[in-house]
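# An overview of the molecular structure
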Amino acid sequence: MEIVRVELWHTVYPYRGFFKFLGGQGHHVVTVAITTDDGTIGWGQSPFTTRWTYETPETALVLVQRYYGPALLRRNPLEIESINAELDRVLAPGWTQGFPLTRCGIDLALHDLAGKILGQPLWRLWGKSPPQPVRLSWTVNAASLEEAETVVEEGLERGYSNFNLKVAPDLRFDVELARLVRRRAPHGFLWADANGGYDPHTAKQAVRRLADVGVDVLEQPVRPNLISAYRELRRVGAIPVIMDEGVITPRDLMELIRLEAIDGLALKVARVGGLLSARRQLEILEDAGLLALGSGLTDPEVSLAAMLHLYGAYGLNFPAALNGPQFLAAEILATPLRIERDLAYVPVGPGLGIEVDRHRLSQLVPEAVPPLSSSHVVVEASP
């Protein structure tokens, strides 16, 4: 069996509510289909936002059309590790792995394909027990306390009891925001994410003041390349400090652990290039006794399904910050994911356990942005 076709669509999901990383017409996502010579199709997705990453849907289309796609053709789809190694040779990793979001869509499609070929869900291929539902947290991203009160109330009404907050750079506001949410959810897990928005001096105050008002963990308080600042913040010891954007490969994670710079990691499957890398990082964190928190990039259904398999199979101890169900207002699956209140159920079936409705998919494809001639790319093996 071999790969004969790689297909990509630049899709734009409409969204509801306010989230600082979503803007313009909608949430930009590249949806990937990899097909074998017997007609089996594996699906993947890569979410993009230029407010968070240098990668764009347009670069993903070009990269796959010219480099990654041709390297996939005629390969055995079950050889996921060797395929990833080949993609590293096609475009050299540099400081760390380049274009991880683009690579994620490919990786998810390969995993879905492998599971379908072998007739097994991903968790079983990984040697794991049947997963429990994944508990989700509700995102609070507000410009005022009044707005935050409304967002928290909506989350509570939807059945959520755990919250993640977008904070920085205004520490005074952040403290009052955390105080408000803790008052409304006294027993929930409260997770603050600064997205690197504090300077090191403010961050030293933040770890103490946010801990005082009940925040359980602080993610990415300063820019990820300020490693010495992370070491200093961890030594303060007031609150667990975890990394996000500073980790792409397992090697990156190991280096931060050796430097005693972090208490754990907010794992985003897209950010680390897919499930192969993400699984290894979860195992590294477990071996090191560090925190592993499940996160995402406002993932739509295909990439969300992949994370539910991963986080469910590995039994993460804390609610996952997967806010696609909160913000996205479109679906492309033939059968929607099962989400009840704050519980997201792992799809049942081989691979990712999902199938894409191509008609719904086509409705989310925008007109191409010049100089690209199309928002749909196909790379095929010669007959």
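To keep things clear, this report deals only with the structure shown in the data block. (Residues numbered from 1 in each chain as written. Predicted model: local features only at pLDDT ≥ 70, side-chain atom pairs only at ≥ 80, totals over all residues. Heavy atoms only, no water.)

## Side note on the environment of T35
Our working rule: Only runs of H or I of at least four residues qualify as helices and only runs of E of at least two qualify as strands under DSSP, and these elements are numbered from the N terminus.
You can see T35 is positioned in strand β2 (residues 27-36). In this structure, the C-alpha to C-alpha distance between T35 and V6, residues 29 residues apart in sequence, is 6.5 Å.

## Quick look at the nonpolar core
Our working rule: For our purposes a nonpolar core is just a set of buried Ala, Val, Leu, Ile, Met, Phe, Trp, Tyr and Cys residues, chained together by side-chain atoms within 4.5 Å. Burial classification: accessible surface area is computed with a 1.4 Å probe over protein chains only, and a residue below 20% of its type maximum counts as buried, one above 50% as exposed, and the rest as partly exposed.
Core analysis: the biggest nonpolar cluster contains 118 residues, and I34 and L310 have the highest contact counts within it. Among the elements that make up this core, the one with the highest residue count is helix α11 (residues 301-313) (nine residues). Core analysis: the next-biggest nonpolar cluster, separate from the first, contains seven residues, F189, W191, A266 and A321 among them.

## Description of the sheet that holds β2
The test is simple: Any two strands with at least two DSSP-identified bridges between them are counted as paired. Angles here are taken between N-to-C directions and fall from 0 to 180 degrees, while the axes themselves are lines fitted to C-alpha atoms, restricted in helices to the stretch in contact.
Spatial ordering of the open sheet is given by β3-β2-β1-β14, a layout of four strands whose pairing is antiparallel. The open sheet has two edge strands, β3 (41-48) and β14 (376-380), and neither has a second partner. Taken over all neighbouring pairs, the strand axes of this sheet differ in orientation by 15° on average, direction set aside. Judged from the five bridges that link them, strand β1 (residues 3-13) and β14 form a sheet pairing that is antiparallel. Opposite R5, over in β14, you have E380 as the bridge partner.

## Re the sheet that holds strand β9 (residues 241-243)
Put simply, the test is: We call two residues contacting when some pair of their heavy atoms lies within 4.5 Å.
Across the sheet, seven strands lie side by side as β5-β6-β7-β8-β9-β10-β11; this open sheet has parallel pairing. On the outer flanks of this sheet lie β5 (138-140) and β11 (291-295), each paired with one strand and no other. Each strand axis lies, on average, 30° off the axis of its neighbour in the sheet, ignoring direction. Two strands pair when backbone bridges link them, and strand β7 (residues 190-193) and strand β8 (residues 217-219) are joined in this way by three bridges, in the parallel orientation. Across the sheet, the residue bridging to D193 is E219, located in β8. The sheet strands contacting helix α5 (residues 145-157) are β5 and β6 (163-166), and the helix crosses β5 at an angle near 175°. Helix α6 (residues 171-184) contacts β5, β6 and β7 of the sheet and is inclined by roughly 165° relative to β6.

## Focus on unusual backbone geometry
The residue after A168, namely P169, is reached through a cis peptide bond having omega 10°. Within the secondary structure, P169 is located in the loop between β6 and α6. Its identity as a non-glycine residue notwithstanding, A168 has a phi of 85°, on the positive side. Following the sequence through the fold, A168 ends up in the loop between β6 and α6. Even without a glycine there, the phi angle at T298 is positive, about 50°. For T298, the location among the structural elements is in the loop between β11 and α11.

## Things to note about the pattern of salt bridges
The line we're drawing: The term salt bridge refers to a pairing of a side-chain nitrogen on Lys or Arg with a carboxyl oxygen on Asp or Glu at a separation within 4 Å.
Applying the stated rule across the entire model yields 27 salt bridges. A salt bridge links D342 to R135, with the nearest nitrogen and oxygen atoms 2.9 Å apart. With D342 in the loop between β12 (339-340) and β13 (343-344) and R135 in strand β4 (residues 134-135), the pair connects residues that are 207 residues apart, well separated along the chain. Looking at D342, the relative accessible area reads 4%, which means it is buried. Here K268 makes a salt bridge to D244, at a shortest N to O gap of 2.6 Å. Taken as a pair, K268 in strand β10 (residues 264-268) and D244 in the loop between β9 and α9 (250-258) lie far apart in primary sequence, 24 residues in all. Judged by relative accessible area, K268 falls into the buried class, the value being 4%. Take D244: its relative accessible area is 0%, and that puts it in the buried class. Each of R5, E7, R358 and E380 takes part in salt bridges that share partners, so that together they form one network.

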